[in-house]
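Fold and geometry: a report
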Amino acid sequence: MYKIAISDLDGTLLGPDHQVSSETKAVIKQWKQSGKKFVIATGRHYIEAKKIQDTLGGPIPLITSNGARVHDQDGKIVLKQNLPDDIATAICEMDFDPTVQVNLFTDQQWYANFSLQALMGMSIDSHFMCQEVDLKTLDQSNTIKIFFWGERDKLNQIYNRLNDAFSDRVNLTFSLDKCLEVMGAKTNKGAAVETVLQSMGFTADQGIAFGDGMNDVEMLQSIGTPILMANSQKDLLNSLPNAEVTKSSKEHGVAVKLAAILTLANTI
């Protein structure tokens, strides 16, 4: 039986309001009380993931920035992977379509070439907002990741441009149709999950993971039981055609599946 559950945030654990529902909180509490572990794995920054952790009633391991950072349940960093300095600098010096927002994460800050209300409205921590700067003037030596927000056709062009420029030195992934993320080549949620499982003494077969976007694919491929959300990206559904699909994030799909597992365990 499962000993650990790992969940993405946006489009998975979080509802359309970007919050964890009361129904989901209650089931996660039951999950943890049964002796099982729960882990968040998100593309969001650690500061925002920590905010969600605090609403779940106790410390848990956090995989953030698509696996660039892994914190154990005590908040200690156990995995740290930055975007190579030369690549971060090169991207910041490039010119892109002026309607595309370019964002950069460091351990403490979120920088962008301009602010967007759409992203501000998705914020989990009101104290963690993007700072408008000229990215070319930044010190890029501690860049966790860079991500682009814009129309998909424009992001596709950026994807091709960066893929041509950096090839296998970067991991390019669409966490949302409007969000293209750029990390170091070895940075992904799958590698981060392997670190968490090893540190906690679990095997992949003892785990279940939930996701909805292409930045979840490595994580879902590396776990014993991958679960897709009903609202998952088509590319993810096509990548894992045999995976089980739970209800949408709006319908508390993670809670529905975890509750079913707990009920089954109680009948055995």
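Each remark here, short or long, concerns the structure printed above.
Our subject in this report is the structure included herewith. (Residues numbered from 1 in each chain as written. Predicted model: local features only at pLDDT ≥ 70, side-chain atom pairs only at ≥ 80, totals over all residues. Heavy atoms only, no water.)

Counting secondary structure elements, the chain contains ten helices and 14 strands. What you see for the chain is a C-alpha radius of gyration of 18 Å, in line with the 18 Å of a compact globule of 268 residues. Over its C-alpha atoms, taken along the principal directions, the chain stretches across nearly 60 × 35 × 35 Å. Counting over 268 residues, the chain shows a buried share of 53%. Intrachain contacts of the chain at a sequence separation of at least 6 include 59% that bridge at least 24 residues. (Helix = DSSP H or I, 4+ residues; strand = E, 2+ residues; numbered from the N terminus. Rg over C-alpha atoms; globule rule 2.2 N^0.38 Å. Buried < 20%, exposed > 50% of the residue type's maximum accessible area, 1.4 Å probe, protein only. Contact = heavy atoms within 4.5 Å.)

Counting buried positions along strand β6 (residues 101-105) gives five out of five residues, so the element sits mostly inside the fold. Inspection of the sheet shows β6 paired to strand β9 (residues 145-149) by five bridges, in the antiparallel sense. Looking across to β9, one finds that Leu104 is bridged to Ile146. Across three bridges, the pairing between β6 and strand β7 (residues 110-112) is antiparallel. Paired with Leu104 across the two strands is Tyr111, which belongs to β7. (Pairing = 2+ DSSP bridges.)

Turning our eyes to something else, we now look at the environment of Ile91. Mapped onto the secondary structure, Ile91 falls in helix α4 (residues 85-93). Excluding its chain neighbours within four sequence positions, the residues that come into contact with Ile91 are Leu83, Phe96, Ile146, Phe148, Leu162, Phe166 and Val182.

Applying the stated rule across the entire model yields 13 salt bridges. Linking Asp8 and Lys189 is a salt bridge whose minimum nitrogen-to-oxygen distance equals 3.0 Å. Of this pair, Asp8 sits in the loop between β1 (4-7) and α1 (9-13) while Lys189 is found in helix α7 (residues 189-200), placing the two residues 181 residues apart along the sequence. No difference in accessibility class separates Asp8 from Lys189, as the two residues are buried. The salt bridge partner of Asp10 is Arg44, with a shortest N-O separation of 2.7 Å. Taken together, the residues span a long stretch of sequence, with Asp10 in helix α1 and Arg44 in the loop between β2 (37-41) and α3 (46-55) at a distance of 34 residues. Taking relative accessible area as the criterion, Asp10 reaches 18% and is therefore assigned buried. Its relative accessible area of 9% is what places Arg44 among the buried residues. Each member of the salt-bridge network shares a partner with another, and the members are Asp8, Lys189 and Asp216. (Salt bridge = Lys/Arg side-chain N within 4 Å of Asp/Glu carboxyl O.)

Strand-to-strand pairing in sheets goes through backbone hydrogen bonds, with the strands running parallel or antiparallel. Here eight strands make up an open sheet; going across it, the order is β5-β4-β3-β2-β1-β12-β13-β14 and the pairing mixed. Since the sheet does not close on itself, it has two edges, and those belong to β5 (77-80) and β14 (244-246), each with one partner. Neighbour-to-neighbour, the strand axes of the sheet open up by a mean angle of 20°, direction not taken into account. With three bridges connecting them, strand β3 (residues 62-64) and strand β4 (residues 69-71) associate as antiparallel partners. Bridge pairing links Thr64 to Arg69 in β4. Packing of helix α2 (residues 22-33) onto the sheet brings it into contact with β1 and β2, and relative to β2 it is tilted by some 130°. Here helix α10 (residues 253-267) sits on the sheet in contact with β1, β2, β12 (207-211), β13 (225-229) and β14, set at roughly 160° to β12. (Axes fitted to C-alpha atoms, helices over the stretch in contact; angles between N-to-C directions.)

Moving on, we come to α7. Here α7 spans 16 Å end to end across twelve residues, near enough to the 16 Å set by a 1.5 Å rise per residue. Of the positions making up α7, those classed as buried are Lys189, Gly190, Ala192, Val193, Val196 and Leu197. Viewed end-on, α7 has its buried residues packed into an arc of 160°, placing them on one side of the element. Those residues of α7 that are exposed and angled more than 90 degrees off the buried face are Gln198 and Ser199. Summarising the contacts, the buried residues of α7 are in contact with β1, β2, β3, β4, β5 and α8 (217-222). Regarding α7, its N-cap is Asn188, as a side-chain oxygen of that residue lies 2.9 Å from the backbone nitrogen of Gly190 further along. (Expected span 1.5 Å × (residues − 1). Arc of directions from axis to C-beta. Polar contact = N/O pair within 3.5 Å; in protein donor to acceptor, adjacent residues only side chain to side chain.)

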